[in-house]
Amino acid sequence: MRIAVLIFAALAGHAVAAVELKAGPRSFRMDPGTLRLESVSAAGKILLLSDGQKGLGRPGDSRTTSAGLEWDLPQAGLTAAMTADGETCVVRLTLSRPGAVTWPVVAPDANVRALILPRGEGNWVPPGDEGWAEILHDENSLTEEFALPCWGLDLGPQTVTYLAPDPFDAEVKYARRNDRIGFSVTRKFTRLDAARTWEIRIVFGAGSPIQPALEYRKWLQAQGRFVPMAAKMQTVPAAARLFGALHAYVWGLPFEARDVRNWSRFLKTLAGAELADPASPLGKVWAALPEAGRKAVRNLLRSEWKYDYVKDEVARALSGLLSTRALDSAALAAAFPDALEPPETWGDGISTAFLREFSESGVDRACLVTNELSAADTRPEVARLADQLGYLFGPYDSYDGVHPPGMKDSWETSQFDQALFDTGGVLREDGTPRPGYQGKGKVLSCAAARPYLEKRVRAKIGGVPYTSWFMDCDAYGQFFDDFSPDHPATQAQDCAARVARMQWIASTFGVPVGSEGGSAQAIVAAHFGHGVLTPALGGWQDKDFDDAHSKWYLGGWWPPEEPTVFFKKTSLKSNFRRASYDPRWRIPLYEAAFHDCYVATHHWGTPSLKFKGLEAVTALLEQLYNVPPLYHFTRKSFARDKAGILAHYKFFSPLHRRLALVPLTEFRWLTPDRLVQRTVFADGTELTANFGDQRWRGEGLDVPAGSIVSRQDAATSSYRPAY
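Residues numbered from 1 in each chain as written. Predicted model: local features only at pLDDT ≥ 70, side-chain atom pairs only at ≥ 80, totals over all residues. Heavy atoms only, no water.

Caption draft 1: Just the overall build of the protein chain, in detail. In terms of helices and strands, the protein chain carries 19 helices and 36 strands. Over its C-alpha atoms the protein chain spans a radius of gyration of 28 Å, differing by no more than 12% from the 27 Å that the globule rule assigns to 723 residues. Taken over the C-alpha atoms alone, the protein chain extends approximately 100 × 65 × 50 Å along its principal axes. Looking at the protein chain as a whole, 59% of its 723 residues are labelled buried. When contacts within the protein chain are restricted to residue pairs at least 6 apart in sequence, long-range pairs at least 24 apart make up 66% of them. For the protein chain, the computed accessible surface area is about 28,400 Å², with 51% contributed by carbon and sulfur atoms. Counting 81 positive and 83 negative side-chain charges, the protein chain places the centres of these two groups 2 Å from one another. (Helix = DSSP H or I, 4+ residues; strand = E, 2+ residues; numbered from the N terminus. Rg over C-alpha atoms; globule rule 2.2 N^0.38 Å. Buried < 20%, exposed > 50% of the residue type's maximum accessible area, 1.4 Å probe, protein only. Contact = heavy atoms within 4.5 Å. Areas by Shrake-Rupley, 256 points an atom, 1.4 Å probe, with all protein chains shown as cover. Lys, Arg positive; Asp, Glu negative; His and termini not counted. Charge placed at Lys NZ, Arg CZ, Asp CG, Glu CD.)

Caption draft 2: Layout of the pairing of strand E26 (residues 513-516). Alternating positions in E26 separate into two faces, Val513 and Ser515 on one and Gly514 and Glu516 on the other, with burial throughout. Taken together, the 3 bridges between strand E25 (residues 469-472) and E26 define a ladder with parallel strand orientation. Bridging across to E26, Phe470 finds its partner in Gly514. In this fold, E25 hands off to helix H14 (residues 491-509), which returns the chain to E26; that crossover is right-handed. Alignment of E26 against strand E27 (residues 528-530), held across 3 bridges, turns out to be parallel. Bridge pairing in E27 places Ser515 opposite Gly529. (Pairing = 2+ DSSP bridges. Right-handed = clockwise from strand over helix to strand, strands pointing away.)

Caption draft 3: Seen up close, the state of the cysteines. For the structure on display, the rule yields 0 disulfides. With no disulfide of its own, Cys446 has Cys495 as its nearest cysteine by sulfur position, at a separation of 9.1 Å. You can call Cys446 buried: its relative accessible area is 7%. Looking at Cys597, it has no disulfide partner, and the nearest cysteine sulfur is the one in Cys495, 13 Å off. Note on Cys597: relative accessible area 2%, which makes it buried. (Disulfide = S-S within 2.5 Å.)

Caption draft 4: Spatial organisation of the pairing of strand E7 (residues 68-73). Note: strand E6 (residues 63-64) against E7, 2 bridges, orientation antiparallel. Following the sheet pairing, Arg63 is matched in E7 by Glu70. If you look at the hairpin formed by E6 and E7, you'll find 3 residues sitting between the two strands. With 6 bridges connecting them, E7 and strand E8 (residues 78-85) associate as antiparallel partners. Note that in E8 the partner of Glu70 across the bridge is Ala81. Following E7, the chain reverses through 4 residues before pairing antiparallel with E8; Gly77 in that reversal takes a positive phi of roughly 65 degrees.

Caption draft 5: Expanded view of the packing of helix H5 (residues 263-271) against helix H7 (residues 291-303). The geometry of H5 relative to H7 is characterised by a closest axis approach of 11 Å and an angle of 125 degrees between their N-to-C directions. When the interaxial angle is binned, H5 and H7 end up oblique. When the axes of H5 and H7 are compared, the crossing they make is left-handed. Between H5, through Trp263, Phe266, Leu267, Leu270 and Ala271, and H7, the contact on the second element is made entirely by Val297, Leu300 and Leu301. Taken together, the residues of the contact of H5 with H7 sort by class into 8 nonpolar, no polar and no charged. (Axes fitted to C-alpha atoms, helices over the stretch in contact; angles between N-to-C directions. Parallel < 35°, antiparallel > 145°, perpendicular 65-115°, else oblique. Left-handed = near helix turned anticlockwise from the far one by under 90°. Nonpolar A, V, L, I, M, F, W, Y, C, P; charged D, E, K, R; others polar.)

Caption draft 6: Region of interest: the environment of Val617. Along the chain, Val617 falls in helix H18 (residues 615-625). By relative accessible area, Val617 is classed as buried at 16%. Separated by 89 residues in sequence, Val617 and Gly706 have C-alpha atoms that sit 7.8 Å apart. Those residues in contact with Val617, other than ones at most four positions away along the chain, are Tyr581, Pro583 and Phe691.

Caption draft 7: Structural detail: the packing of aromatic side chains. All chains considered together, the criterion is met by 47 aromatic pairs. Seen in terms of ring centroids, Tyr174 and Phe183 are 5.8 Å apart; in terms of plane orientation they differ by 65 degrees. Their pairing is edge-to-face. For the pair Tyr174 and Phe183, a shared accessibility class is recorded, and that class is buried. Taken together, a centroid distance of 5.5 Å and an interplanar angle of 65 degrees make the contact between Phe358 and Phe633 edge-to-face. Of the two residues, Phe358 sits in helix H10 (residues 352-360) while Phe633 sits in strand E29 (residues 630-633), which places them 275 residues apart along the sequence. Exposure remark for Phe633: the relative accessible area of 1% places this residue in the buried category. (Phe/Tyr/Trp six-rings, centres within 6.5 Å; stacked < 30°, edge-to-face > 60°.)

Caption draft 8: Inspection of the sheet that holds strand E17 (residues 180-189) at higher detail. Judged by pairing direction, the sheet is antiparallel, and its 4 strands sit side by side in the order E10-E17-E16-E13 without closing on themselves. Single-partner strands in this sheet number two, and they are strand E10 (99-106) and strand E13 (139-141). Strand-to-strand twist across the sheet, computed as the mean angle between neighbouring axes with direction ignored, equals 25 degrees. Inspection of the sheet shows E10 paired to E17 by 6 bridges, in the antiparallel sense. Bridge pairing in E17 links Val106 to Phe183.

Caption draft 9: Highlighting the confidence of the model for the protein chain. Residues with a pLDDT of 70 or more make up 97% of the protein chain, whose mean pLDDT is 94. Here residues 1-16 is a poorly scored stretch, pLDDT under 50, and it has 42 contacts once near neighbours within four places are set aside; other chains count. (pLDDT = per-residue confidence, 0-100.)

Caption draft 10: Main features of the pattern of salt bridges. One pass over the structure, following the stated rule, counts 49 salt bridges. Close ionic contact of Arg36 with Asp51 constitutes a salt bridge, the shortest N to O distance being 2.9 Å. With Arg36 in the loop between strand E3 (27-30) and strand E4 (37-40) and Asp51 in the loop between strand E5 (46-50) and E6, this pair connects stretches of sequence that are 15 residues apart. With respect to burial, Arg36 and Asp51 carry one shared label: buried. Across the pair Arg640 and Asp641 runs a salt bridge, and its minimum N-O distance is 3.2 Å. Overall, the relative accessible area of 17% leaves Asp641 in the buried class. What you see here is one network of salt bridges that share partners, running through Glu666, Arg668, Arg678, Glu686, Glu699 and Arg711. (Salt bridge = Lys/Arg side-chain N within 4 Å of Asp/Glu carboxyl O.)

Caption draft 11: The arrangement of the side chain of Ser208 in detail. Mapped onto the fold, Ser208 is located in the loop between strand E18 (197-206) and helix H3 (211-222). Discounting chain neighbours no more than four positions away, the residues touching Ser208 are Ile116, Thr159 and Phe667.

Caption draft 12: How the structure looks around the sheet that holds strand E19 (residues 246-250). On the basis of which strands lie adjacent, the open sheet formed by 4 strands has the order E21-E20-E19-E29 and parallel pairing. In this open sheet, the two edge strands, each paired with only one partner strand, are strand E21 (392-394) and E29. Between one strand and the next, the sheet's axes are offset by a mean angle of 20 degrees, whatever the strand orientation. In the sheet, strand E20 (residues 366-370) pairs with E21 via 3 bridges, with the strands oriented parallel. Across the sheet, the residue bridging to Leu368 is Phe393, located in E21. Here H10 sits on the sheet in contact with E19, E20 and E29, set at roughly 160 degrees to E20. Against the sheet, helix H19 (residues 635-659) engages E19 and E29, with an angle of about 155 degrees to E29.

See below:
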């Protein structure tokens, strides 16, 4: 039973009128003029839940409602309402006009051991930690900053969860107060919003570092909004192929230097290309080559084919003809009789030859994504073989931006037509177009893009039998208000449109759909995502990432068949190591919410083997959370890393096939330094990882340093990364 009371209480040492709700042993007390909120336990212990704010004006009298209390703040155009039920308090703030409201202001007091933040997979952040203070100092939209619309306070024996049911148009801003890290959340309401209520639910729960995710999951289930993978598989049974699958992007040219069987014969033929009859097969090749390709041919002839990089230049030139369909493989083969391998074997990562090597190595489950939209357009036999081998195989697609036709330094997925460029861009409130990624073109309206999307996807799958589809950006968490009169949309409507188009692809073609990231609001329709376990890194965070002279340089986009940004191993600064890789600060929040709903792994820019000295800890985190690794493959890179990849796969794949539809229910630290950790799944499976340098023994287990042990009932197995 709720008891609503208007009292005078001492808040922060000042005598002010306060409103208080009591339901069960705990009461919730708010200053109606500043919105400062405290909880008071049965023992009288006070915890600050939100600090107060100035400038809201004098509040009106509080009034009792059927649900709790409410009052007006006329100067701010605001109505505040509180309800309480047991260990839960709900605060609703309603604006009478477009504007913004800030609440809560999370200022952790001495009772708080750590902030629990769903940044990517999840972070455990002591408020007084200087290392974290260097990381958390900016602001970002809530749906981009947090993969789940919740966060928490670790009190030791208890956890406080804050849940935002409607997180759109909200911004997280970090700030330090009394040398402790905190943050505020500001919800903006534009003229597009029909309703202007900001709600935060606060729940006291068990003392688990993953409790906020468990509370969010429970809330979704109560609202009928939780969609497990088992339900998605009713529409897309092929999603079962994700279970136990490693994830990889496949690269390489459609024609490689190795596809020349006889270089002597190839060069003799090539020497006559410039003077060949334009109607002959060889003449057609020469006519189709751009000037850069002709220069590469001349260089090769002069070098007497001694230099591999010159061979690669010619292979790139010929690959360009195949990729743009200026020439087909049959015509190229006819130009060089008996000098080339059979056309059906050509190519690198996107080839039947690689798939056979890959399968013969022992990998029988994989989710393979092409490096760009049209990379496999001329290789339907590769998609067919991938399907026969049990792999998922699909292209990398995007509808996030639109560029003017023919723009220099554009990319294929943003090229449509002039009409869409002229009318399809998202407009800001002042009527100007919102610039696209890297400032190029415009952000593309989901509504305007939809007919183009349907036409493109139908055509691509009609030509190549893809078994999956990757939609860049749709689940990233970046949503837009669109003030265009032709296609207006709130952020919530933008999200709904992204969900709808992923659902359309999945249901129309029966293929699992993947996306960048895994925003909780967008994964209802998606099956897998790249960017939760470790998110994207780039120059927007640290200029050294883009500086080719820096030891921290992530790499560039050359060579096109194996860009160093994905294949080059590099070092990582300590602050980024702490945020994304140091197991002492990592917690599986996302998996606690969605392990049996969505298969999440790394961003393509932070693959499993990217960072020097972090390969082993990355592998252990993947195994502990029971999420797949992510790689970039050419035939050469797979051969180089094969031993470590296969050892990882041998442990991961059987476990994930069994656990993919099983919730992750528990996470614990087993040592004070937090380097021995355990996850527990609903079927009783325990995964115990030792990130330390000393053997750990306990609870009937012996876990060597740098290894992980799986236990279900009495059966155990172990793995130590071979990196």
